[in-house]
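Summary of the model geometry
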Amino acid sequence: MQVPKCIWTHTESQMLLLPRHRTLFTLTKTLNKTPGAWRIGRSTCCPSSLASMGTVSAQEGAVLSQDETTQIKIQPVQVAKRLEKFKTTIFTQMSQLAIKHGAINLGQGFPNFDGPDFVKEAAIQAIKDGKNQYARGYGVLDLNSAVAERFKKDAGLTVDPEKEVTVTSGCTEAIAATILGLINPGDEVILFAPFYDSYEATLSMAGAKIKAITLRPPDFAVPIDELKSAITKNTRAILMNTPHNPTGKMFTREELNVIASLCSENDVLVFSDEVYDKLAFEMDHISIASLPGMYDRTVTLNSLGKTFSLTGWKIGWAIAPFHLTWGVRQAHSYLTFATSTPMQWAAVTALRAPESYYEELRRDYSAKKAILVEGLNAVGFRVFPSSGTYFVIVDHSPFGLKNDVEFCEYLIKEVGVVAIPTSVFYLDPGEGKNLVRFTFCKDEDTLRAAVSRMKEKLRRL
């Protein structure tokens, strides 16, 4: 006998993502124009929930009774224990709310304008030239060379493009390959909180023991004594980010020298995420690998997306001495193996852009930053200094909401502007409850419109 298909409405399909307790649904025949069609409805009370799912064949265990009703037990979602604590990313949640409420998105860090034409045209040409099959696993030779050339200009270090540069699918994959390739279960890794949320998730997948050193406003300086106390014989690496997301802090030469000294004394590696290196406004960016004795114990991580406003291309790389590159490449081989070939060729063109491109980039972002910072100050936030990146951290407490998540939800629903709650960037969420992050990687009209909405609708207590 042929089992009729289910027809699920949007509202009804939202009932399917449920917590781990039992929930039963009843299939009842509907009176509509589709012969033999069935509709799914709830037979018990359950929470309203969250996401729609695709159609499910009624053949999967549905048995029709004489009154043409049956029950299907919905299986709980499954995830490995090491990832149970991680939910849908805050960026996805806030972006979905932004769409729902028509809010201006100053939350997620991607530009609302396009990258330069000369880079896009290079990608088009590469596709037309037939550069569309797998690249070699660790990168197109020309791109490895371009990365090495850029690093020589920026950090003053000469590296072997064949043995010490690995091209990855974005910096996030470079981070994952570095952690999975060089960290063993039980190894201690030190982070500086607040931190990019991918760090904690990837370290958890590697079975690492995570320690966090909190950078506190207003200047988010490294608490040197805390850092010294955190290092033990089991410390394998320090994972750092400069310029720093989400605070905009840039690690000073003095701070980097202390970190370098501690790493040398205790045989600790450094994984240095430097994707915002070209967005340094108030001081020069310093790669910790360039300090004396540090190249041999550092993996420098970077990407194309932030500098060239091409975040969707996902072109990243890891630079490290061969003895560390070996582990990075072993992991990379079994993560993505290779990265988009035509985009790699276009990245060669990008990285060989004249210095005037980077100068104009900083001028442009400096103007955007001024619009946002002046506006946030005028609205009544306490705005903390941002020396790099395209992010600004503010204290929202003058507006009377009890925590950062509640404030950001209010800001979206009642004001029409998106910010990111920073509590998700801490091991202890309470440390970020008064702070939210705004981004200024948007065109100037968008920034002014967002400021205007906040001036009109936000009121200090």
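Now for a description of the structure that goes with this document. These numbers come from a predicted model, not from an experiment.

Another aspect to go through is the overall build of the protein. Within the protein, the regular secondary structure consists of 14 helices and 17 strands. When the 461 residues of the protein are sorted by exposure, 54% land in the buried category. Counted over contacts in the protein with a minimum sequence separation of 6, partners at least 24 positions apart contribute 75%.

Turning our attention to the nonpolar core. General note: in soluble globular proteins, nonpolar side chains tend to be found buried as a group. Phe192, Leu304, Phe381, Phe438 and Met454 are the most contacted members of the largest nonpolar core, which totals 131 residues. Broken down by element, the residue count for this core peaks at 8 residues, all from helix 12 (residues 355-379). When residues no more than four places from it in sequence are discounted, the contact partners of Met454 are Leu376, Val379, Phe381, Leu411, Val415, Val417 and Phe438.

A word on the sheet that holds strand 16 (residues 420-421). Across the sheet, 4 strands lie side by side as 13-14-17-16; this open sheet has antiparallel pairing. Edge positions in the sheet fall to strand 13 (382-383) and strand 16, since each of these pairs with one other strand and no more. Here strand 14 (residues 391-395) runs beside strand 17 (residues 435-439); their pairing, made up of 5 bridges, is antiparallel. Directly across from Phe391, in strand 17, lies its bridge partner Thr439. Against the sheet, helix 12 contacts strand 13, strand 14 and strand 17, and its axis sits at roughly 10° relative to strand 14.

Once that is clear, we can look at the pairing of strand 12 (residues 316-319). Neither face of strand 12 is left uncovered, since the one carrying Gly316 and Ala318 and the one carrying Trp317 and Ile319 both have all their residues buried. Note: strand 6 (residues 165-168) against strand 12, 4 bridges, orientation antiparallel. Note on strand 12: the bridge partner recorded for Val167 is Trp317. Note: strand 11 (residues 298-303) against strand 12, 4 bridges, orientation antiparallel. Bridging from a neighbouring strand, Thr300 pairs with Ile319 of strand 12.

So, on to the pattern of salt bridges. Side-chain pairs of opposite charge can arise whenever the charged atoms involved come near each other. Tallied over the entire structure, the rule returns 17 salt bridges. It is possible to trace a salt-bridge network through shared partners that takes in Arg150, Asp154, Lys278 and Glu355.

This brings us to a nonpolar patch on the surface. Nonpolar side chains collect at one region of the surface, where Leu180, Met205 and Leu335 lie side by side and expose about 240 Å² of accessible area between them. Relative to the elements of secondary structure, Leu180 occurs in helix 5 (residues 170-182).

The next thing to look at is the pairing of strand 11. In terms of burial, strand 11 is largely enclosed, as 6 of its 6 residues are buried. Taking every second residue as pointing to the same face, both faces of strand 11 are buried, with Thr298, Thr300 and Asn302 on one and Val299, Leu301 and Ser303 on the other. Two elements, strand 10 (residues 269-273) and strand 11, share 4 bridges in a ladder whose sense is parallel. Counted as the bridge partner of Phe271 is Val299 from strand 11.

Attention now goes to helix 13 (residues 404-415). Buried within helix 13 are the following residues: Asp404, Phe407, Cys408, Leu411, Ile412 and Val415. The buried side chains of helix 13 occupy one side of the element, clustering within an arc of 130° when seen end-on. Where helix 13 begins, the side chain of Asn403 points an oxygen toward the backbone nitrogen of Val405, at a separation of 3.1 Å. Immediately downstream of helix 13, the backbone of Gly416 shows phi near 90°, a positive value.

Conventions used here
Residues numbered from 1 in each chain as written. Predicted model: local features only at pLDDT ≥ 70, side-chain atom pairs only at ≥ 80, totals over all residues. Heavy atoms only, no water. Helix = DSSP H or I, 4+ residues; strand = E, 2+ residues; numbered from the N terminus. Buried < 20%, exposed > 50% of the residue type's maximum accessible area, 1.4 Å probe, protein only. Contact = heavy atoms within 4.5 Å. Core = buried A, V, L, I, M, F, W, Y, C linked by side-chain atoms within 4.5 Å. Pairing = 2+ DSSP bridges. Axes fitted to C-alpha atoms, helices over the stretch in contact; angles between N-to-C directions. Salt bridge = Lys/Arg side-chain N within 4 Å of Asp/Glu carboxyl O. Patch = residues over 30% accessible without salt bridge, like charges linked within 9 Å, V, L, I, M, F, W, Y side chains within 5 Å. Areas by Shrake-Rupley, 256 points an atom, 1.4 Å probe, with all protein chains shown as cover. Arc of directions from axis to C-beta. Polar contact = N/O pair within 3.5 Å; in protein donor to acceptor, adjacent residues only side chain to side chain.

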